[in-house]
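Overview (structure and organization)
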Amino acid sequence: MARAEKQSFYDSAMEIFNHAADVIQLHPRVRLELEEPDFEHIFYVTVELRDRLVPIEDDEAGKYKDLPASDVKALDALEPLANGSYILHRRALLRADVQMRRGVIRLPGKGVFRLEEGRPRKFKAYRIQHNQVRGPYKGGIRYHREASLDLFKALAADMTWKTAIAEVPFGGAKGGIKIDPFNYSKEEIENLTLRYVYKFKNFMGPFLDIPAPDVGTNPEIMAYMMRQFTDGEREKHANRGVVTGKDVRIGGSEGRLKATGQGLVYCIEEWARDKGFQIRGSRAIVQGFGNVGSATAEILAAMGAKIVAVNDVNGTVVNEQGLDVPALIAHVHQNPANLRRTVAGFSGGTAFSKSDFWEVEADLCIPAALGDEIDGDVAERLKVRLVAEGANGPTTRDADRILQKRKIDVIPDIIGNAGGVTVSYYEWLQNQRLEHWTEAEVNQRLERAIKKNYSIIRDVARNRPQRTPLYDSRPYCVGKEVDVRTAAMALALRRVEAHYLIEGFSQ
Ligand code: NAD
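Worth saying up front: this structure is predicted, and the values here are computed from it rather than measured.

The subject of this paragraph is the site of the ligand. Around the ligand, the structure places 25 residues, and the nearest of them are Asp-214, Thr-260, Phe-289, Ala-369 and Asn-392. Contact distances for the ligand include 2.9 Å between an oxygen atom and a backbone N or O atom of Asn-291. Take Glu-373: an N or O atom from its side chain is 3.4 Å from a nitrogen atom of the ligand. At the level of secondary structure, the elements contributing two or more residues to the shell around the ligand comprise α7 (256-275), α8 (291-302) and β13 (306-312).

As structure tokens, then:
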């Protein structure tokens, strides 16, 4: 009997592409061009790891009961990692009184550790460049232990659709390194990032491929990338646009840090206006409390919504009265002792299981973590009116059908989280023009762009072609009602297709 093949993440992500392509009768050659990425770069980066102190198992630790504790004066030279190890910086040995037996050392108040000598290590790296017909490849860099070609292919294609929907003149790409960044030192991550750019340099540039932060990366990592790319270049300043999501002090844009969350909230506002729904006083559950989740929660809370539950990879906190979001942000992001940057342990809420999290009664559900988190089972249990996708691909196809059946509305990721790449484009523009816009200016443009394209998608879904003073949805409607995810994809494909049809194919 033939074994049923498990559908890959990419195949399942492309289901919606294929469906929308059928619905709009996408030009067959354009379809072939978009079905697979332009380039799949897979390479390795090596890095010299530092000496570390690795905790030893309890039963083995018993053998060292009589080992006297070492006296380390410069405790700040032991850099803690999320897996319980410490990076041993040489400075830790200054004036220290070290007692070591067979490479094992006891640290007062910390436990018993084996000294692991630094050594080189290699990591698998990726950059998938999906399409550039509308402009330079554009997309995030992810540092995560679950990285694969299949995943990056799906995320790179998503960027092509997203840049088209947001009307920014970029294409789609995605990449990163298969690593759990929380288990490596700041310096190791810096060196790894420099190495990534060293190897990939010929394929990136402000008019070629422009990375940005994604899961596990941040403005600091973007600064390393920019430094490595521009090092020794005379045109350094013109090249600042090689990455976006930079710190505002070195050419980043005001508003970029919160842009993805802000864009999602603009979509929710449009949805609420349409439904006659009040955000003030509404209840929201948020999954993921990194860049996107925390910004969305902060903006919604400032608008008067109650964030009643937050889940991340290490825990869940719930508060029926609404969590104190600024305090939660301080607990997760401004507390150096919180090595995994998790909501777990927050004193302003009760701990909950992940499974129960999905059943918390609320109006809004904001998935802002990883892909495939809302599967069929979760979709059956959700007690919300709207799923507003901050994450990329958080809802499985199965779940999509169930949400539709249960009449739970969805704001699809390719419009929901397009705020990030939209402000990335503003950052790139400011870099090209050597300008610096205010946050109000950035948000004004972002709001206009997101609400306009969200409205077009809604018209396509309802088959209501119209021209208003703000937008024209007539070229995109498909002659019948379609679900909102198909509508968003139809808009993206029409805009990408136009380039091939008008400019032609370069043989
Ligand atoms: P981040 O690394 O800042 O945060 C990720 C969050 O997800 C963390 O709170 C983490 O604990 C949580 N998480 C990870 N695995 C989980 C799991 N299995 N269950 C529950 N929680 C889990 O990343 P980010 O930049 O906020 O990105 C979040 C999502 O938004 C990703 O899907 C990303 O692709 C997408 N996105 C990000 C941006 C951006 O500008 N950063 C733009 C568009 C889309």
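Read on for the rest.
Relative to the helices and strands, Thr-193 resides in helix α5 (residues 186-200). Engagement of the side chain of Thr-193 in a polar contact is seen with the side chain of Tyr-143, the distance being 2.8 Å. At a separation of 2.7 Å, a polar atom in the side chain of Thr-193 contacts the main-chain carbonyl oxygen of Ile-189.

On to the sheet that holds strand β11 (residues 209-213). Paired through their backbone hydrogen bonds, the strands of a sheet run either parallel or antiparallel. Judged by pairing direction, the sheet is mixed, and its 5 strands sit side by side in the order β1-β8-β10-β9-β11 without closing on themselves. Of all the strands in the sheet, just β1 (39-48) and β11 have a single pairing partner and so form its edges. The average undirected angle you get between the axes of adjacent strands in this sheet is 25 degrees. Looking at chain direction, strand β9 (residues 137-144) and strand β10 (residues 172-178) are connected through 4 bridges and run parallel. Looking at β10, one finds that His-144 is bridged to Lys-178.

Turning our attention to the pattern of salt bridges. Considering all chains together, one arrives at 40 salt bridges under this definition. A salt bridge links Lys-186 to Glu-220; the shortest N-O distance between them is 2.7 Å. With Lys-186 in helix α5 and Glu-220 in helix α6 (residues 219-230), the pair connects residues that are 34 residues apart, well separated along the chain. When its relative accessible area of 49% is taken as the criterion, Lys-186 is described as partly exposed. Classification of Glu-220 as partly exposed rests on a relative accessible area of 38%. Of the charged contacts in the structure, one is a salt bridge between Lys-246 and Glu-427, with a shortest N-O distance of 2.8 Å. Of the two residues, Lys-246 sits in the loop between α6 and α7 while Glu-427 sits in helix α14 (residues 419-433), which places them 181 residues apart along the sequence. Connected through shared salt-bridge partners, Glu-359, Asp-377, Arg-381 and Lys-383 make up one network.

Definitions and cut-offs
Residues numbered from 1 in each chain as written. Predicted model: local features only at pLDDT ≥ 70, side-chain atom pairs only at ≥ 80, totals over all residues. Heavy atoms only, no water. Near = heavy atom within 4 Å. Polar contact = N/O pair within 3.5 Å; in protein donor to acceptor, adjacent residues only side chain to side chain. Helix = DSSP H or I, 4+ residues; strand = E, 2+ residues; numbered from the N terminus. Pairing = 2+ DSSP bridges. Axes fitted to C-alpha atoms, helices over the stretch in contact; angles between N-to-C directions. Salt bridge = Lys/Arg side-chain N within 4 Å of Asp/Glu carboxyl O. Buried < 20%, exposed > 50% of the residue type's maximum accessible area, 1.4 Å probe, protein only.

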